[in-house]
Each structure stands twice: as structure tokens, then as C-alpha cells.
Amino acid sequence: MCAVEKQIMAAKTIQPIPSAQPKKIFIRHAAPDRSQRARHIVQVVFLLLNAWLGFQFYLWTRYFERGASGIRVSRPPGIEGWLPIAGLMNTKYLLLTGHVPQIHPAAMFLFIGFMLMSVLLKKAFCSWLCPVGAFSEFLWKAGRRIFGRNLRLPRWFDFPLRGLKYLLLGLFVSVIGVMSAAALQDFMATPYGLVADVKMLNFFRNIGLTAAVVIGLLILLSTLIQNFWCRYLCPYGAIMGLASLLSPVKIRRDQQACIDCGKCAKACPAQIPVDKLVQIRSVECTACMECVAACSTQDALQFALPPRRADTPADRWRRRALTPLAVCGVLAYIFLAVVLFARTTNHWQTNLPQSVYIQLIPRANQLTHPGM
Ligand code: SF4
Ligand code: SF4
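Conventions adopted
- Residues numbered from 1 in each chain as written.
- Chains lettered and ligands numbered in written order.
- Predicted model: local features only at pLDDT ≥ 70, side-chain atom pairs only at ≥ 80, totals over all residues.
- Heavy atoms only, no water.
- Near = heavy atom within 4 Å.
- 1 Å grid on protein atoms, 1.4 Å probe; cavity = no way out; pocket = protein on both sides within 12 Å on 5 of 7 lines; lining within 4 Å.
- Sits in = over half its atoms within 2 Å of the grid points.
- Nonpolar A, V, L, I, M, F, W, Y, C, P; charged D, E, K, R; others polar.
- Points joined across faces, edges and corners; volume = space filled by probe spheres on them.
- Helix = DSSP H or I, 4+ residues; strand = E, 2+ residues; numbered from the N terminus.
- Buried < 20%, exposed > 50% of the residue type's maximum accessible area, 1.4 Å probe, protein only.
- Pairing = 2+ DSSP bridges.
- Core = buried A, V, L, I, M, F, W, Y, C linked by side-chain atoms within 4.5 Å.
- Contact = heavy atoms within 4.5 Å.

## Focus on the site of ligand 1
Then comes step 1: Looking at ligand 1, the residues that line it are Ile 251, Cys 268, Pro 269, Ala 270, Val 274, Cys 285, Thr 286, Ala 287, Cys 288, Met 289, Glu 290 and Cys 291.
Then comes step 2: At a threshold of 2 Å from the grid points, most atoms of ligand 1 map onto the largest cavity.
Then comes step 3: Looking at the shell around ligand 1 residue by residue, the classes come out as 10 nonpolar, one polar and one charged.

Printed below as a string of C-alpha cells:
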């Protein structure tokens, strides 16, 4: 027998190696995904709520700027949701003393509420409620429509850049961390602290050239790169990301049901390789559920508690997966519970005499940070 014949004989005797993975069967979702519609409705509701709060706060400020004349409205305490640093300071004050602070207590209640959301539902605050997050999302989606795609920074640049938000957070935490309860109280009671909300309004009303250029640049970058501000710079998102590590509800993939099409990873605005992971622990996950919406395979991807032990994916997810409606319900429950608790215990409003506002608001622009 020649060498060639021997090789042919050998090839014929080789047994086929059984495939390691059984072939996966694609089963399409029975019901259409409604997560994105639900999320966009919640985003619009919160944008409108913030627009209303901003307008009422503007009218309230103008009343005092005009020397207590003109349209008089009450001060909307919800505006303190825009004072996250006051929220952090007041939370520390509460932890140290056990007392609710008198100045900007709503900032603290809202901060605690948003942190609670992160502990339970990842950074759902960022993609469901935050007006800045909603605006960022609008910008990158507009950018993708205009330019056909969004830019992705190379990994060697993206990774260290993501650390910037932790640096900013570290800066605030280190300053607040060394302050005693008395120092925190004294800071809030300074003229600057009392009208920190008015100062923030004035920042946007009388925007300087430098600030306008920086904001313009951020808008441009947010159009080109998905969630530029949230991903790289937002310290609020950074602290929520850390809290979200505790969340029992996560995006979870069932390897048996998944057909490895990769649509989920492609849809993820946080650039997480969802199709390669079993559960998403990443601090960048905002629970936006874009990946779940992109996945058309039944029971492959869920925003869920840890699955049960069972033979089939459907049984594993039974009463573990959260529907978009359930996510809305949990967010609304936490938000309303915190606000109602603060209101009924009379800790929602900053109660200062009108004379203080008459004196401080017209000269708010001249008030400088006590540390300067
Ligand atoms: S993993 Fe899913 S839920 Fe998390 S950010 Fe990405 S797309 Fe959104
Ligand atoms: S979208 Fe992701 S989870 Fe769904 S089947 Fe494809 S790879 Fe699997």
C-alpha cells in the first residue's frame, strides 16, 4: 500500500468528534419589548417636572430680586435635587448627629432616595430619571442620526478617562470627609450656603464666556460620543455606580437560551460586552435595558434577581425578572416615599424668614464660597 492510500484509509477510520455545544435554537420573544417606551415616558415626565420646578424657582427668585414685588410663588424644595453636594454634606450631618439639617433638607432626602434606587436597581436613576442623562441620550442619538454612528474612544484612552469622574468624586468626598458636624452646619448657614440654589440658577442665567465654551464643548462631545458627560465626568454617576455594586437586580444572560448573536453588546451605550457575560456587575451599567430591548430571543436576557435552579430558562426566570412596569413602580415608590416622608415630618422645606431672602437674593452674585 502506497503512502497516499495509507492516509486515505486513516482518514476513513477517524470518528467525528461530537460537538461540545448542542446547537442552539432561536425562539423569538412572544411579546414585544416595551422597556424603551416605558423608560422614555419616565424620562419625559421627569424632564417636565424639572422644567416646572425650574420655572417656579425662577419666579420665586425674581420676586425677591424685585424687592419682594411681582408674582409671588412658594419656593419649590424639589429644586434641591440639583444640589448634590449639599445632599452629600447633609447626609453626613444626619449620620453624625442623627438630626435632619435645617438648610436644604430636600437635597439630602433626594440624594438618599437616588442612592437607594442605585442600591436596588443599578444606576437606573441615570437612564430613567436624570434630566442630564436624558439630554445626553438625546444628543448621542441625534449625533448617530446625523453622522451615521457614534465614536468609540480606544480602550487605552477610554479606561483612564473614565477614572476622571472618580477623581472629581474623591475631591468632594475628601473635602466633606474632614468636616465635622459643626463645620457642615456652619457652611450651610453662611450666606453662600443659604442661597446655593439661587447661585446655581444665576450660573446658568448669567453664563460667562468660559462656561459657555465649556458647555458648548460638552454638548459637541456628547453628540459624538455616547453619554460623554455621564461616562467620563459625572461625580454623581460615579457615586451611584459604586452603590450599584450592591444591587441584587442586574442584567443577566441565560447561556442556554442565548444564541450568541451579539445584538445586546452592540446596543449597549455603556459599551459593555453583554453577550460575553452572565451577569453585568459593571459600575457603568445604567439599567437602561437597551440590551434587553435589542435581544429578540425568548428568555435570553433579563433585568432580574439571581435565577432559580431549574432545567429550563423560563423556569429559571420565573418571578425573578423585572418587567419595565415593575422598574417604573420601584422607582416611583422610592421617589414618592422619600418625598412624602420628608413632607409629613415637616423636613421638606428650608424654613427661613423672608427677610433673609430679601437681603441675600438680590446680591447673590456677590456672595463667594466661604473657603475662598
Ligand atoms: S448592560 Fe444593558 S442595561 Fe446596562 S447599560 Fe448596557 S444596555 Fe443598558
Ligand atoms: S442579544 Fe445578546 S443575550 Fe440576546 S441572544 Fe443575542 S447575544 Fe444572546
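Further notes follow.
## Some remarks on the site of ligand 2
Then comes step 1: Looking at ligand 2, the residues that line it are Arg 253, Cys 258, Ile 259, Asp 260, Cys 261, Gly 262, Lys 263, Cys 264, Asp 275, Cys 295, Thr 297 and Ala 300.
Then comes step 2: Mapping ligand 2 onto the cavity grids shows that it belongs to the second largest cavity.
Then comes step 3: Considered class by class, the residues forming the shell around ligand 2 number six nonpolar, two polar and four charged.

## Digging into the layout of surface pockets
Then comes step 1: Space inside the second largest pocket adds up to approximately 410 Å³.
Then comes step 2: In terms of lining, the second largest pocket is formed by 18 residues, of which the most central are His 29, Asp 33, Gln 302, Thr 323 and Pro 324.
Then comes step 3: In terms of residue count, the dominant contributor to the lining of the second largest pocket is strand β2 (residues 301–304) (three residues).
Then comes step 4: Classifying every residue of the lining of the second largest pocket by side-chain character gives 11 nonpolar, four polar and three charged.

## Structural notes on the pairing of strand β1 (residues 250–253)
Then comes step 1: Because side chains alternate across β1, one face comprises the buried residues Lys 250 and Arg 252, and the other comprises Ile 251 and Arg 253, equally buried.
Then comes step 2: In the sheet, β1 pairs with β2 via four bridges, with the strands oriented antiparallel. Following the sheet pairing, Arg 252 is matched in β2 by Gln 302.

## Section: the nonpolar core
Then comes step 1: Within the largest apolar cluster, 86 residues are counted, with the highest numbers of intra-cluster contacts made by Phe 114, Trp 128, Ile 251, Val 274 and Phe 303.
Then comes step 2: With 10 residues, helix α4 (residues 105–121) is the single largest residue contributor to this core.
Then comes step 3: Here Phe 114 is in contact with Phe 125, Leu 129, Tyr 236, Met 240 and Phe 335, once residues within four sequence places are set aside.
Then comes step 4: In terms of nonpolar packing, the next biggest core, distinct from the first, is built from six residues, Leu 153, Leu 161, Phe 228 and Leu 233 among them.

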